[in-house]
Amino acid sequence: MITFMNNSDSEDEPCNERTSLMSAESPPVPSYQDGLQASETREAQTHRKRQTGSSRSPNNVADEDASDSDVRVRESALENEEEELTLKYGAKHVIMLFVPVTLCMIVVVATIKSVRFYTEKNGQLIYTPFSEDTPSVGQRLLNSVLNTIIMISVIVVMTVFLVVLYKYRCYKFIHGWLILSSFMLLFLFTYIYLGEVLKTYNVAMDYPTVILIIWNFGAVGMICIHWKGPLQLQQAYLIMISALMALVFIKYLPEWSAWVILGAISIYDLIAVLCPKGPLRMLVETAQERNEPIFPALIYSSAMIWTVGMAKPDMAAKGQSQQTWDAEDGRENHSSTSHLDSQILDTSSPAPSHPIALEEMEEEERGVKLGLGDFIFYSVLVGKAAATPSGDWNTTLACFVAILIGLCLTLLLLAVFKKALPALPISITFGLIFYFSTDNLVRPFMDTLASHQLYI
Amino acid sequence: AFFWLVSLLLSSLIWFIAVKASDPRDEPLQKGLLIFGVMFSVLLQEAFRFLYYKLLRKAIEGLVALSEDGCSPISIQQMAYVAGVGFGLMSGAFSMINLLADALGPGTVGIHGDSQLYFLTSAFMTMVLIFLHTFWGILFFHGCENRRWWEIAAVVVMHLAVSGSTFCNPFYVGSLVPSYLLMAIAAVWAYMLSGGSAQNLRRFLLCKS
């Protein structure tokens, strides 16, 4: 029972490959592998970190998170120093991830609430062939479960394919695939999005202007994501493409299928990252073995290393400090950072002329990385909550808070376990619980209170 | 914020069950159930504030144990303030946001005979509640720290009183005026507890160093 497909079908194929890539990439949230570094670099680092740690002004929320994790950490008294520094860093990075996740969600919610296009039902993707317009509840449930199975198997197949390609070093193929899909995202989906927004606000725009805008937007985006560019611009582009992808999902996934898919994908995430033979774990481990970055188009990184730009001119003079950096870099478990960020130069930072500045700047290198699939699915959850026909903002707000708390907890666990963790399960579980309970339980309560103007 | 949300969830669960289990046509019963729901929710919020206090206490102990110089980078008073602000913001957001969204659309306030000041009074009430939650956070945590149970009881009683006064709506004098008075009292009390005094205030206002 295949429903009618509109002509955006063909474009969804590579898009979904892209999606599956990105969702497949959701788990790598690797952390600062402080504990694994060799001892000779440890002193240097701890010394540096202590300097920054004490000078950093405490951020309330950040420190709460740090403090929450401290309870568990107390048992392992041996790693006291390492843990303390890790947690101080962890707290800061929680905030560094809150901002982009929040921005992505805000963009998605704002679009859903204002642009009608994304809440209209205009067909389904071929990945969810079963329609939900059935008369009985049981049939609808069955259809959504079948849709989910198909979607998840597509994602699993794509992920395994990607991992196999990566293992056999077919880099050109992977790069071509990624470039093609980000090309399509940046140009086609942005064009559609722009068109719908202009339609909503009844603003006329001529084709030459549109071509100019889209061309510039897309070209700069391709360069930023796949090559070099300012970090913040790259982050902004990644947020934008995540939001666009999430909007596509919100539009084309039928109601119940969307919720079941969200649940299933967080289970899949858990399995794929934590099981020894899970495809995502193998991907991360292979990348670490080869000291290569995971593809830049799939991961959002909150910080980068600036050092390589400085390393070029004067290797001899840098001597010892360079040694330190290299040693540390080599041992850093997410040493993919080095290769990746070696391609990204921070144009605003002038090359320092002495080793001390070099060391200070290395503080920034320990960013946290979050897969784009995570952004997408968080935004899908919040967007679906915002798209509910009842138009209730409380539900959206509740899901938003739930997801952020889930993210906090995940980052906490990351600081404790220090290896790649799936970012989806905890947040999505909280989000789902809060969505259903707020929509069904809290909404009538708050509505009744508001109508009598009672306050609790 | 999360803790407030969870308390709201549980209280609405209780209310929902109660409503479903009762007769929807019986007006006084529904009103009674609503009052019960509100009071229960207030008590649950305060209970969750206490739980949050316990959690933060443990966290501070952990932080102190791990820090280099034996004192935590964030004090319990700061945490109290943050907890209060979190509760207040969440409570305010949940009260106001649907109202704000509807206010953007077309319509006339009070066209069916309700009060015309609905939006205004809602705004003021929400503001006073947010402030009150902040002050209650400080008072509550201070009471827990120093084992002064009467402070905690005072917070709970104040919360119940403010919620109860909203039952007078739309007779707004009955709800807004007491709430603002209570807020002023709580503000002064919290200020005193946080180490402020009349001299500090005067110095601050006159910009003396």
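The rules behind each value
Positions within a chain are numbered from 1, following the residues in the order the chain's sequence is written. To label them, take the chains in the order written and letter them from A, then take the ligands in the order written and number them from 1. Only residues with pLDDT of 70 or above have their local features reported here, since the model is predicted, and side-chain atom pairs are shown and tallied only from 80 upward, although totals for entire chains, interfaces and linings are computed over all residues. Heavy atoms from the whole structure form the basis of all side-chain values; hydrogens and water molecules are not counted. The helix and strand labels rest on DSSP assignments: H or I over at least four residues marks a helix, E over at least two residues marks a strand, and numbering proceeds from the N terminus. Expected helix span is given by 1.5 Å per residue-to-residue step, counting one fewer step than there are residues. We call a residue buried when its accessible area falls under 20% of the maximum for its residue type, exposed when it is over 50%, and partly exposed in between, using a 1.4 Å probe and counting protein chains only. The contact rule is simple, with two residues in contact once any of their heavy atoms fall within 4.5 Å. Here the quantity called buried area is the accessible surface, traced with a 1.4 Å probe, that two parts lose on coming together, added over both. One side-chain nitrogen of Lys or Arg within 4 Å of one carboxyl oxygen of Asp or Glu is enough to make a salt bridge. Polar contact is the term for a pair of N or O atoms within 3.5 Å; when the atoms are in protein, one must be able to donate a hydrogen and the other to accept it, and sequence-neighboring residues count only if both atoms are side-chain atoms. For this classification, Asp, Glu, Lys and Arg are treated as charged, while Ala, Val, Leu, Ile, Met, Phe, Trp, Tyr, Cys and Pro are nonpolar and the rest, including Gly, are polar. UniProt positions are given in the numbering used here, feature names are shortened, and annotations may be inferred rather than shown by experiment. For every residue, the pLDDT score states the predictor's confidence, bounded by 0 at the bottom and 100 at the top. Geometry is summarised by axes, namely lines fitted to C-alpha atoms with helices restricted to the contacting stretch, and by angles between N-to-C directions that run from 0 to 180 degrees. Should an angle lie under 35 degrees it is considered roughly parallel, over 145 roughly antiparallel, and from 65 to 115 roughly perpendicular; all remaining angles are considered oblique. In this scheme, a crossing is called left-handed if the near helix is turned counterclockwise away from the far one by less than a right angle; it is called right-handed if the turn is clockwise.

Chemist: If you had to explain helix α7 (residues 207-226) of chain A to someone new, which residues and values would you point to?
Modeler: All names here are of chain A. Compared with the 28 Å implied by 1.5 Å per residue over 20 residues, the 28 Å span of α7 between its first and last C-alpha is a close match. Among all positions of α7, only Val 210, Ile 214, Phe 217, Gly 218, Gly 221, Met 222, Cys 224, Ile 225 and His 226 are buried. Of the surrounding elements, those touching the buried residues of α7 are α6 (171-201) and α8 (231-252).

Chemist: Could you give an account of the interface of chain A and chain B, with specific residues and numbers?
Modeler: On the side of chain B, 52 residues touch chain A, which itself brings 42 residues to the contact. The junction of chain A with chain B conceals about 4300 Å² of combined surface from both sides, 70% of it contributed by carbon and sulfur atoms. Summed over the three residues of chain A that lose the most area to chain B, namely Gln 453, Tyr 455 and Ile 456 of chain A, the buried surface amounts to 21% of that side. Linking chain A with chain B are 0 salt bridges, by the criterion used here. Across the contact surface, chain A and chain B share 5 residue pairs in polar contact (both at pLDDT 80 or more). Within the residue set of the side of chain A that touches chain B, elements represented by two or more residues are α3 (60-73), α4 (80-114), α16 (393-417) and α17 (424-452) of chain A. Ranked by residue count, the leading element in the side of chain A that touches chain B is α17 of chain A, at 15 residues. A per-class count over the side of chain A that touches chain B returns 21 nonpolar, 12 polar and 9 charged.

Chemist: How would you summarise helix α4 (residues 118-145) of chain B if you had to cite specific residues and measurements?
Modeler: Residues and elements named next belong to chain B. With 28 residues, α4 extends 40 Å from end C-alpha to end C-alpha; this agrees with the ideal 40 Å at 1.5 Å per step. With 20 of its 28 residues buried, α4 lies for the most part within the structure. Trailing α4 by a residue or two, Arg 147 shows a phi angle of about 55 degrees, which is positive.

Chemist: Help me get a handle on the UniProt feature "transmembrane region" (unreviewed entry) in chain A, residues and values and all.
Modeler: Residues and elements named next belong to chain A. As recorded in UniProt, the feature "transmembrane region" (unreviewed entry) lies at residues 94-112, 145-166, 173-195, 207-227, 234-250, 256-275, 393-414 and 421-438. The straight-line gap between the two end C-alpha atoms of residues 145-166 is 31 Å; of that span, 100% is helix and 0% is strand. Segment residues 234-250 splits into 100% helix and 0% strand. End C-alpha atoms: 24 Å apart.

Chemist: Which residues make up the UniProt feature "transmembrane region" (unreviewed entry) in chain B, and what values do they have?
Modeler: All names here are of chain B. The residues that UniProt annotates with the feature "transmembrane region" (unreviewed entry) are residues 31-52, 79-97, 117-140, 152-173 and 179-198. Secondary structure content for residues 79-97 is 100% helix and 0% strand, and the end C-alpha separation is 26 Å. Each end of residues 152-173 is marked by a C-alpha atom, and these two atoms are 27 Å apart; helix forms 73% of the span and strand 0%.

Chemist: For the confidence of the model for chain A, give the residues involved together with the corresponding values.
Modeler: Residue and element names in this part refer to chain A. Averaged over every residue, the pLDDT of chain A is 71; the share at 70 or more is 66%. Here helix α1 (residues 9-24) stands out as the least confident element of chain A, with mean pLDDT 35; α7 is the most confident, with 92. The low-confidence segment residues 1-68, where pLDDT is below 50, has 193 contacts with residues more than four positions distant or belonging to other chains. When the criterion is pLDDT under 50, residues 305-364 qualifies, and its contacts beyond four places in sequence or with other chains add up to 97 contacts.

Chemist: I'd like a description of unusual backbone geometry, backed by residues and values.
Modeler: Residues and elements named next belong to chain A. At Arg 169, a position not held by glycine, the phi torsion is positive, near 60 degrees. Residue placement: Arg 169 occurs in the loop between α5 (137-167) and α6. If you check the backbone angles, Lys 418 has positive phi at about 60 degrees while not being a glycine. Mapped onto the fold, Lys 418 is located in the loop between α16 and α17. Residue Lys 418 is classed as buried on the basis of its relative accessible area of 13%.

Chemist: Tell me what's going on with the packing of α5 of chain A against helix α9 (residues 255-274) of chain A, and back it up with residues and numbers.
Modeler: Residues and elements named next belong to chain A. Here α5 crosses α9 at 40 degrees, and the two axes come no closer than 8 Å. With respect to each other, α5 and α9 are oriented oblique. With respect to the hand of their crossing, α5 and α9 are arranged in right-handed fashion. Between α5 and α9, the contacting residues are Val 137, Arg 140, Leu 141, Ser 144, Asn 147, Thr 148, Met 151, Ile 152, Ile 155, Val 156 and Thr 159 on the first element and Glu 255, Trp 256, Ser 257, Val 260, Ile 261, Ala 264, Ile 265 and Tyr 268 on the second.

Chemist: Requested: an account of the environment of Trp 136 of chain B, with residues and values cited.
Modeler: Residues and elements named next belong to chain B. Tracing the backbone through its elements, the reader meets Trp 136 in helix α4. Judged by relative accessible area, Trp 136 falls into the buried class, the value being 0%. In this structure the C-alpha to C-alpha distance between Trp 136 and Ala 154, which are 18 residues apart in sequence, comes to 9.4 Å. Those residues in contact with Trp 136, other than ones at most four positions away along the chain, are Arg 49, Leu 129, Val 155, Met 158, His 159 and Val 162.

Chemist: Give a detailed account of the confidence of the model for chain B, specifying residues and quantitative values.
Modeler: Residues and elements named next belong to chain B. Looking at chain B as a whole, its pLDDT mean stands at 81, while 91% of the residues score no less than 70. Per-residue pLDDT, averaged within each element of chain B, yields its smallest value for helix α1 (residues 2-20) (73) and its largest for α4 (88). Across the assembled chains, the prediction reports ipTM 0.84 with pTM 0.74.

Chemist: With reference to specific residues and values, describe the side chain of Ser 257 of chain A.
Modeler: Residue and element names in this part refer to chain A. Residue position: Ser 257 is located in helix α9. On the accessibility criterion, Ser 257 (0% relative accessible area) is buried. Reaching out from Ser 257, the side chain makes a polar contact with the side chain of Asn 147 at a distance of 3.1 Å. Not counting the four nearest positions on each side in its chain, Ser 257 is found in contact with Glu 132, Ser 144, Asn 147 and Thr 148.

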